[in-house]
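Topology and contacts: notes
Here is how the chains run, residue by residue.
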Amino acid sequence: MSVLSADVARRALVALYVINAVAAAAAAIVLAVAPGAIPSLAGIAIDPSQNLIPWLLAAAELAIAALAALAMRSPSTEVQRIAVGVLIVFHAGSAVAGTAAVTEGAGAVVGLNVAVRVAMIAALAVCMPGRTVESP
């Protein structure tokens, strides 16, 4: 049983989609235009010969932004559950990678990123359609 009504969960989910869409689109733009900018915030130097990696990540971020933007407009519960599942997998994979980076000496910015992703996973899981109760 969830602590959120279906209406509250739906509104919160739309807000989470907006956050994901905006953050992922911004990351995609920065990674495409200045491939070394985001890694440098984490203390990771990217040589120009390694730009393919940030560009591929930019493509993935753009796909996540599109998923979130399109999901917020869909009335389908199945679409909502799939979108939430994909976002949870993306954030979980990123959190695992970030944790590995922290164990290898990455800075506090990476640790903060892991914490934000864990919080996003929890929020998405709480708001996932089908996990709420109808209002009486």
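Just above, that's the structure.
In what follows, the accompanying structure is described. Since the model is a prediction, treat every value here as computed from it, not as a measurement.

1. Points about the pattern of salt bridges
Pairing between side chains of opposite charge can happen when the charged atoms of each approach one another. Per the counting criterion, the structure on display carries one salt bridge. Here Arg 11 and Asp 7 are joined by a salt bridge, their closest N and O atoms 2.5 Å apart. Of this pair, Arg 11 and Asp 7 are both found in helix 1 (residues 6-33), four residues apart, which corresponds to roughly one turn of the helix. A relative accessible area of 44% places Asp 7 in the partly exposed class.

2. Thoughts on the nonpolar core
Grouped together as the largest cluster of nonpolar side chains are 20 residues, with contacts concentrated most on Leu 13, Tyr 17, Val 84 and Leu 124. Per-element accounting of this core gives the leading share, six residues, to helix 1. Contacts of Leu 124, omitting those with residues within four sequence positions, involve Leu 13, Leu 16, Val 84, Leu 87, Ile 88 and His 91.

Calculation rules
Residues numbered from 1 in each chain as written. Predicted model: local features only at pLDDT ≥ 70, side-chain atom pairs only at ≥ 80, totals over all residues. Heavy atoms only, no water. Salt bridge = Lys/Arg side-chain N within 4 Å of Asp/Glu carboxyl O. Helix = DSSP H or I, 4+ residues; strand = E, 2+ residues; numbered from the N terminus. Buried < 20%, exposed > 50% of the residue type's maximum accessible area, 1.4 Å probe, protein only. Core = buried A, V, L, I, M, F, W, Y, C linked by side-chain atoms within 4.5 Å. Contact = heavy atoms within 4.5 Å.

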